[in-house]
Structures are given as C-alpha cells and as structure tokens.
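Take a look at the letters that make up each chain.
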Amino acid sequence: MSPKVYEGQLQANGLKFAILVSRFNSFVTERLLDGALDALRRHGATDDNIEIYRIPGSWEMPVAAAAILKQKRHNALICLGCVIRGETPHFDYVAGEAAKGLGQLSMHQGIPVSFGVLTTNTLEQAIDRAGAKSGNKGADAAMAAIETANLLAQIQNP
Ligand code: INI
C-alpha cells in the first residue's frame, strides 16, 4: 500500500485572493502584479474574486496584511514588493521586517501568505525576476498561494 499524499492542486476556481502590492520600486512591483494576475486567471480565478491593495513600501506590508487577514474573507494573500540594496543598512531593516512580519502572520492566521517580495542587490537583478531572464516571482507567488490554499482545504477536511 502506498502512503496517502496530500497535495494542493493548481486550481483557483472559486477561490478568493487578496494581493498586497508596494508602490516603492513600482517599475518592478507592477510587473510582479501583472505576473500574479496572469497566473491567477490562467488557473481559473475570476476578477470578482481578486482584490488589490496598494501600500507605500514593503515596510508597511505586515500591518496591512494583518488587517486583511483579520477579515478572514480570502483563501490566500499574495504579497508583492521589491527591496533593492542601497548604500545604507536601510535595506536590511525594510526587507527584514517585511519577511519577519509576514512569516509570523502566515503561521498564526491559518491563511496562506505568499512572499513575492524581491530582495536584490541591484535594479537589474530585480527586473530579471519581474518578467525577464529569471521568470516572474509575482506569478510564482500566486501559484504558491493557489497550491497552499488547496492543500490547507484538504488538511482541514481530510
Ligand atoms: N520600500 C521598499 O518597498 N523597497 C525599498 O527598496 C525601500 N527602500 O530602499 O528604501 C523601501 N523603503 C520605504 C519603506 O518601505 C517605507 O515605505 C518607508 O520607510 C515609510 O515607512
């Protein structure tokens, strides 16, 4: 006998999504948003089940995410941002707090939070990951959200 495998399908029909997108580095984050929307739609999500929330920068992500998750109206939250290393430690504070805050929320709210926040050394590396050489991390975050939302539904109703 084989072990029972629980695995989320890449099927977004009927699922509700919130997308949190940062305006900082919007040249990059708008491409991440395009990728996320494309992935959701191609897997069956409809626009009436997708909400987009804009925030100033990645630092503001955890507080906005907490408010959205508290509503318990979505099957998954997709967070999109771009933090590019500069000449000061600012990068470490912004990227670190966004990652830590979202990680904690993801564990405690029972709703998948996918991390589509780029943390790169250069603008070129960010562009590569927002629809150029290295794919689109917004689309990857959306796919992770779909899969994890379906997996959680299976775990909750085995
Ligand atoms: N926010 C980002 O999302 N990415 C960055 O690269 C960035 N840098 O480099 O400063 C950034 N800063 C703004 C920050 O997120 C807050 O919006 C700001 O500090 C106001 O609270």
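In this text, all values refer to a predicted model and were calculated from it rather than measured experimentally.

Calculation criteria
Residues numbered from 1 in each chain as written. Predicted model: local features only at pLDDT ≥ 70, side-chain atom pairs only at ≥ 80, totals over all residues. Heavy atoms only, no water. Phe/Tyr/Trp six-rings, centres within 6.5 Å; stacked < 30°, edge-to-face > 60°. Lys NZ or Arg CZ within 6 Å of the ring centre and 35° of its normal. Buried < 20%, exposed > 50% of the residue type's maximum accessible area, 1.4 Å probe, protein only. Helix = DSSP H or I, 4+ residues; strand = E, 2+ residues; numbered from the N terminus. Pairing = 2+ DSSP bridges. Right-handed = clockwise from strand over helix to strand, strands pointing away. Axes fitted to C-alpha atoms, helices over the stretch in contact; angles between N-to-C directions. Core = buried A, V, L, I, M, F, W, Y, C linked by side-chain atoms within 4.5 Å. Contact = heavy atoms within 4.5 Å. 1 Å grid on protein atoms, 1.4 Å probe; cavity = no way out; pocket = protein on both sides within 12 Å on 5 of 7 lines; lining within 4 Å. Points joined across faces, edges and corners; volume = space filled by probe spheres on them. Nonpolar A, V, L, I, M, F, W, Y, C, P; charged D, E, K, R; others polar. Salt bridge = Lys/Arg side-chain N within 4 Å of Asp/Glu carboxyl O.

**Q** Could you clarify how one ought to interpret the packing of aromatic side chains in this entry?
**A** The description of an aromatic ring pair rests on the distance of the ring centres and on the angle between the ring planes. Counted by the stated rule, this structure contains zero aromatic pairs. Residue placement shows Lys4 over the ring face of Tyr6; its charged tip is 4.9 Å from the ring centre. The ring of Phe91 carries Arg85 above its face, with NZ or CZ at 4.2 Å from the centroid.

**Q** Any chance you could explain the pairing of strand β3 (residues 76–84) here in plain terms?
**A** On a regular strand, each side chain points to the face opposite its neighbour's, so the side chains alternate between the two faces of the sheet. Of all nine residues in β3, eight are buried; the element is thus mostly enclosed. With five bridges joining them, strand β1 (residues 17–22) and β3 adopt parallel strand pairing. Across the sheet, the residue bridging to Ile19 is Ile78, located in β3. Note on the crossover from β3 through helix α3 (residues 90–109) to strand β4 (residues 113–120): the handedness is right-handed.

**Q** Just checking my understanding: could you explain the sheet that holds β1 for this structure?
**A** Strands belonging to one sheet form pairs held by backbone hydrogen bonds; the direction of such a pair is parallel or antiparallel. Strand order in the open sheet formed by four strands is β2-β1-β3-β4, and the pairing between neighbours is parallel. Of all the strands in the sheet, just β2 (50–55) and β4 have a single pairing partner and so form its edges. When the angles between neighbouring strand axes are averaged without regard to direction, this sheet yields 15°.

**Q** I'm lost on the nonpolar core in this one. Help?
**A** One broad trend across soluble globular proteins is that nonpolar side chains are buried collectively. Grouped together as the largest cluster of nonpolar side chains are 27 residues, with contacts concentrated most on Phe17, Ile19, Val28, Leu40, Ile78 and Leu80. Counting residues per element, the ones that place at least two in this core are β1, α1 (26–42), β3 and α5 (137–156). It is α1 that provides the largest number of residues to this core, a total of seven residues. Those residues in contact with Ile78 that sit more than four places away from it in its chain are Phe17, Ala18, Ile19, Leu20, Leu40, Ser114, Ala141, Ala142 and Ala145.

**Q** In this structure, what is going on with the layout of surface pockets? I would like to understand it.
**A** The gaps left among the atoms become clear once a water-sized probe is rolled over them. Taken as a whole, the largest pocket encloses approximately 270 Å³ of empty space. Phe24, Val83, Ile84, His90 and Val94 are, among the 15 residues lining the largest pocket, the residues nearest its centre. Secondary structure elements with two or more residues in the lining of the largest pocket: β3 and α3. Along the lines of polarity and charge, the residues of the lining of the largest pocket split into seven nonpolar, six polar and two charged.

**Q** Would you mind showing me how to read the pattern of salt bridges here?
**A** Two side chains that carry opposite charge are able to pair once their charged atoms sit near each other. Per the counting criterion, the structure on display carries nine salt bridges. Of the charged contacts in the structure, one is a salt bridge between Arg41 and Asp47, with a shortest N-O distance of 2.9 Å. Under the relative-accessibility criterion, Arg41 is labelled partly exposed at 42%. For Asp47, a relative accessible area of 46% gives the class partly exposed. Asp140 is the salt-bridge partner of Lys137, the closest N and O atoms lying 3.7 Å from each other. Pair noted here: Lys137 and Asp140 are both in helix α5, with a separation of three residues, about one helical turn. With a relative accessible area of 42%, Asp140 lands in the partly exposed category.

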